[in-house]
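# Structure assessment
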Amino acid sequence: MTDLTTRFRGVFTALITPFRDGAVDHVAFAELVERQLEAGVSGLVPVGTTGEAATLSDAEAEDLIARTVTLAAGRAMVLAGAGSNDTHKTIEKVQRAEDAGADAVLVVTPYYNKPTQAGLLAHYSAVAEATKLPVVLYSVPGRCGVEIAPETCATLAERHSNIVAIKEAGGTATRVTQIRQACGDRLIIHSGDDGLTLPFLSVGAIGVTSVVSNVAPREMVQLVKAWEAGDTARALELHELIAELTDGMFIESNPGPVKAALALSNLAGPELRLPMVPVSDASRQKIAAILGRFTHAAAAFQEMR
């Protein structure tokens, strides 16, 4: 677990999937990945929920994972999104991710079905038994309608040596404490809420799987590194620097706002796949204003350092 803890430490970017005229924009994707690597992220998360995995074909998803592995070239861990609300389909996704060369898989809680904790135990156990890859649980009750109980996390980590981490997006740092009390050091914890990264780190998380780092990878990396170095004052400064940007990335359903911000920065187009649509004009104007203030403040912050 020591090696895995080291590899999972830091910022993992939940990559968007850029589209152009309905197809994946591979040129923009490669440029986005390189920008992340240059900023020093620890991990790349292709075809996750931020990557609009639900509307990608199996071939598109596998290709994006393989491309990410090639582009990363060992410079960052590749944590591939591989979840669905069907256990059989999830296993197929996990196995395709393994074939594509992913280092680990991120498996979201089955959505809409609202399985019981017994159902979650059975689901994640079946997934873990079907792969040799490290498995990261993903609890996001706001999207899925059910959260993974700390006791369920503990049982899964005890039964399956390859269930190694959880992306926790329940909206409260209390969950980190509850999971740590139930699991001890058997389960690595990542923040799944950008705005709670610093609070999560303070109570035992070791990283963040981030949406905002699509736009501000350097600042997110610096925040986590400052915390790890014991420079809590600088970590707080960085937390406050990105706070408005973080809020702005969720004024409409993810990934609409982050795609709008990337389009405003000429890094990727704003196109999404139905039923997702680009943000409203009013939201786009708000995002543009927020991005302008952030860009100015970030430049001043880096200059002072």
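Structure: see above.
Residues numbered from 1 in each chain as written. Predicted model: local features only at pLDDT ≥ 70, side-chain atom pairs only at ≥ 80, totals over all residues. Heavy atoms only, no water.

What follows covers the environment of T131. Following the sequence through the fold, T131 ends up in the loop between α5 (117-129) and β7 (135-139). Between the C-alpha atom of T131 and that of E98, which follows or precedes it by 33 residues, the distance is 7.6 Å. With near-sequence residues (within four places) excluded, T131 lies in contact with V94, E98 and N162. (Helix = DSSP H or I, 4+ residues; strand = E, 2+ residues; numbered from the N terminus. Contact = heavy atoms within 4.5 Å.)

With that out of the way, let us pick up the nonpolar core. L137, L187 and L245 are the most contacted members of the largest nonpolar core, which has 81 residues in total. By residue number, the principal contributor to this core is helix α14 (residues 281-304), which donates six residues. (Core = buried A, V, L, I, M, F, W, Y, C linked by side-chain atoms within 4.5 Å. Buried < 20%, exposed > 50% of the residue type's maximum accessible area, 1.4 Å probe, protein only.)

Another aspect to go through is the pattern of salt bridges. With the rule as written, the count across this model stands at eleven salt bridges. The partner of R293 in a salt bridge is E244, with the nearest N and O atoms 2.6 Å apart. In this pair, R293 is assigned in helix α14 and E244 in helix α12 (residues 243-248), connecting sequence segments 49 residues apart. Using a relative accessible area of 35% as the deciding quantity, one classes E244 as partly exposed. Several salt bridges share partner residues, and in doing so they unite E147, E168 and R175 into one network. (Salt bridge = Lys/Arg side-chain N within 4 Å of Asp/Glu carboxyl O.)

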